[in-house]
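For reference, the chains in residue letters:
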Amino acid sequence: MNGIDWDLVRRSLLPLLEGLVRGTIPLTVITFVLGLALAVLLALMRLSGNPVVSGIARAYVSIIRGTPLLLQLFIIFFALPSLGVTLDPWPSAIIGLSLNVGAYASEAVRGAILAVPRGQWEAAMTVGMDRRTTLRRVVLPQASRIAVPPLSNTLISLVKDTSLVSAITVTELLRTAQQIAAPTFDFFTLYGLAAVYYWVVCLVLSFGQTRLETRLSRYVAA
Amino acid sequence: MSAPLLEARGLTKSFGAVPVLRGVDVVVPAGSVTCLIGPSGSGKTTVLRSLNGLETPEAGTVRIGDVAVDWATRPGRRAVSALRDQSGMVFQAHNLFPHLTVLDNVTSGPVLAQHRDRAEARAEARDLLERVGLADKADAYPVQLSGGQQQRVGIARALATRPRVVLFDEPTSALDPELVGEVLRVMQSLAAEGWTMVVVTHEMRFARQVADQVLFLDGGVVVEQGPPSEVLVEPREARTRQFLQRLLDPL
Ligand SMILES: Nc1ncnc2c1ncn2[C@@H]1O[C@H](COP(=O)(O)OP(=O)(O)OP(=O)(O)O)[C@@H](O)[C@H]1O
Ligand SMILES: [Mg+2]
């Protein structure tokens, strides 16, 4: 150990920021949005009452949650080509992460939908709403408030999980750090810096979560 | 004499192995008020919810106007919602939509379900809020209202779909005693305006003053029915007398 190379730190700040802004953050945003859409679909499938449909959703969630994300990424990027499906790193990463987020978030969404009181469904039915309208206008708006805390956890995990796509050669924050560190062998400095970047992003997200929860609770009894 | 507006015959329902309704008839002429009374667990709520398909009886028929459902034939979702559209419901726990303003609660049926003109629905909703004494609360959220105000919004929301019958399930039971009057007065004025109402209630004064007929339920059957001056004042059945006695003198 020969102390921190401050010059290296200075030279690395911007490239790492670029890895964050051009890799980690867009990956997080895109896959969270896609994953959330998938999660709502899976949750509705689970709640559909049709045993085949809910069985498919249940099996999907079980498989995704029961296997490592890194392995899923390897299958998409390294194994699919042998079936004739060749994807670039970025599409592979987006697909892998979205499928993963969808499975985890679907449990949060399902729980939130189930947590909306039965009386809300019944009231909607008695004013004439069909199932679809009830879901869209009555249940999902209330479920989304209930789902904020668990989904925030999913989002924060996702920020960190995006680092796994460095293994399929997507240039994001961790891979940028690896690439800068490799010629210098100063892994401590670069990985330390990357850790700080991740931590700051997660801090900001936690802060945003608190504010969102406060805002969404304005129409709910104290 | 013309056919009654609402006619339910032979409603039968069990929860698991427990029979809860054992052949209940409810016949409601247009413009009249029917009160369902009876001890806890006698099946009042189940009867009311069978009239709009929130419960599914095993047998019996319900007809409102010219929309009829025969429960024994296991009617599909469409048939049940056609029946449900004939009535509005006011719940014991109000069940207002907490994420919508008072006005949006009242217009939820007309706008989101009936797809009526939005501006027209809002104007009509404001009139309804005026009628229940809440014109100044249109932009409030339900959580900002007292229990009595919430229940009056619930009434306005139920009326907004222009139902032929309004069903009330113990609309004042969850309220602090000093708030009961404001809700009952609104209901009384609706009755005076000619709304057809079916009301599950423990408010005997309301039943005596407003009801055209009272049905006393016990053990899933209608034990006694008739005008309040008979059922509530000089009941024929011992079980009715006992029930009324206990209400008058709980100790
Ligand atoms: N969803 C349900 N599952 C099982 N049993 C039920 C269900 N709903 C009602 N019951 C039972 O059916 C019987 C009648 O219930 P109901 O709610 O109709 O009575 P009620 O006359 O409205 O009583 P209360 O005055 O307490 O509201 C009760 O014994 C009740 O426990
Ligand atoms: Mg009841």
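Residue positions within a chain follow its written sequence, with the count starting from 1. By the order in which they are written, chains take letters starting at A while ligands take numbers starting at 1. Where totals are concerned, whole chains, interfaces and linings use all residues; where local detail is concerned, this predicted model gives features only for residues with pLDDT of at least 70, and gives and counts side-chain atom pairs only at 80 or more. In computing side-chain properties, one takes all heavy atoms of the structure into account and sets aside hydrogens as well as water.

Caption draft 1: Local environment of the UniProt feature "transmembrane region" (unreviewed entry) in chain A. Residue and element names in this part refer to chain A. On the UniProt side, "transmembrane region" (unreviewed entry) is annotated at positions that read residues 20-45, 57-80 and 188-208 here. Helix numbers and strand numbers start at the N terminus; a helix is a DSSP run of H or I with at least 4 residues, a strand a run of E with at least 2. Each end of residues 57-80 is marked by a C-alpha atom, and these two atoms are 22 Å apart; helix forms 83% of the span and strand 0%. Annotated as 100% helix and 0% strand, the span residues 188-208 places its first and last C-alpha atoms 30 Å apart. UniProt positions are given in the numbering used here, feature names are shortened, and annotations may be inferred rather than shown by experiment.

Caption draft 2: Seen up close, the site of ligand 1. Residue and element names in this part refer to chain B. One heavy atom within 4 Å of a molecule or strand makes the whole residue count as near it. Close contacts around ligand 1 come from F15, V20, P39, S40, G41, S42, G43, K44, T45, T46, E170 and H202, and that covers them all. A 3.5 Å cut-off defines polar contacts: any pair of N or O atoms within that distance qualifies, except that in protein one atom must be a possible hydrogen donor and the other a possible acceptor, and neighbouring residues in sequence count only when both atoms are side-chain atoms. Between G41 and ligand 1, the recorded distance is 2.8 Å, taken from a backbone N or O atom to an oxygen atom. Expressed as a share of its isolated accessible area of 630 Å², the protein-covered part of ligand 1 is 57%. Among the elements that make up the shell around ligand 1, the one with the highest residue count is helix α1 (residues 44-50) (3 residues). Here the residues of the shell around ligand 1 sort into 3 nonpolar, 7 polar and 2 charged. A 1.4 Å probe and the Shrake-Rupley method give the accessible areas. Residues count as covered only by the protein chains that appear here. Classification convention: Asp, Glu, Lys, Arg as charged; Ala, Val, Leu, Ile, Met, Phe, Trp, Tyr, Cys, Pro as nonpolar; all other residues, Gly among them, as polar.

Caption draft 3: Region of interest: the interface of chain B and chain A. Contact definition: two residues touch when any of their heavy atoms are within 4.5 Å. In this assembly, 22 residues from chain B lie in contact with 21 residues from chain A. Carbon and sulfur atoms supply 64% of the area that chain B and chain A bury against each other, a total of about 1900 Å² over both sides. Buried area is understood as the total, over both parts, of accessible area removed when two parts are fitted together, assessed with a 1.4 Å probe. Three residues stand out in chain B for area buried against chain A, namely B:F97, B:H99 and B:L112, and they jointly supply 30% of the buried area on that side. By definition, a salt bridge exists where a carboxyl oxygen of Asp or Glu is found within 4 Å of a side-chain nitrogen of Lys or Arg. At the junction of chain B and chain A, the tally comes to 1 salt bridge.

Caption draft 4: Quick peek at the pattern of salt bridges. Residue and element names in this part refer to chain B. A complete count under the given rule lists 17 salt bridges over all chains for this structure. R162 is the partner of E120 in a salt bridge, and the nearest nitrogen-oxygen pair spans 3.7 Å. With E120 in helix α4 (residues 118-131) and R162 in the loop between α5 (147-160) and β7 (165-169), this pair connects stretches of sequence that are 42 residues apart. With a relative accessible area of 39%, E120 lands in the partly exposed category. Relative accessible area serves as the criterion here: at 48%, R162 is assigned to the partly exposed category. Burial status follows relative accessibility: with a 1.4 Å probe on protein chains alone, a residue under 20% of its type maximum counts as buried, one over 50% as exposed, and anything between as partly exposed.

Caption draft 5: Summary view of the packing of helix α7 (residues 173-184) of chain A against helix α8 (residues 187-216) of chain A. Residue and element names in this part refer to chain A. A fitted line through C-alpha atoms represents every axis, and for helices the fit uses only the stretch in contact; the resulting angles, taken between N-to-C directions, go from 0 to 180 degrees. α8 packs onto α7 with a crossing angle of 160° between their chain directions and a minimal axis gap of 9 Å. Our classification of the angle between α7 and α8 gives roughly antiparallel. For the pair α7 and α8, the crossing hand works out as right-handed. Of the residues in α8, those touching α7 at L173, L174, A177, Q178, I180, A181 and A182 are F187, L190, Y191, A194, Y197 and Y198. Residues of the contact of α7 with α8, tallied by class, amount to 12 nonpolar, 1 polar and no charged. Here the angle decides the label: under 35 degrees means roughly parallel, over 145 means roughly antiparallel, 65 to 115 means roughly perpendicular, and every other value means oblique. Handedness of each helix crossing follows the sense of rotation of the near helix against the far helix: counterclockwise by less than a right angle gives left-handed, clockwise gives right-handed.

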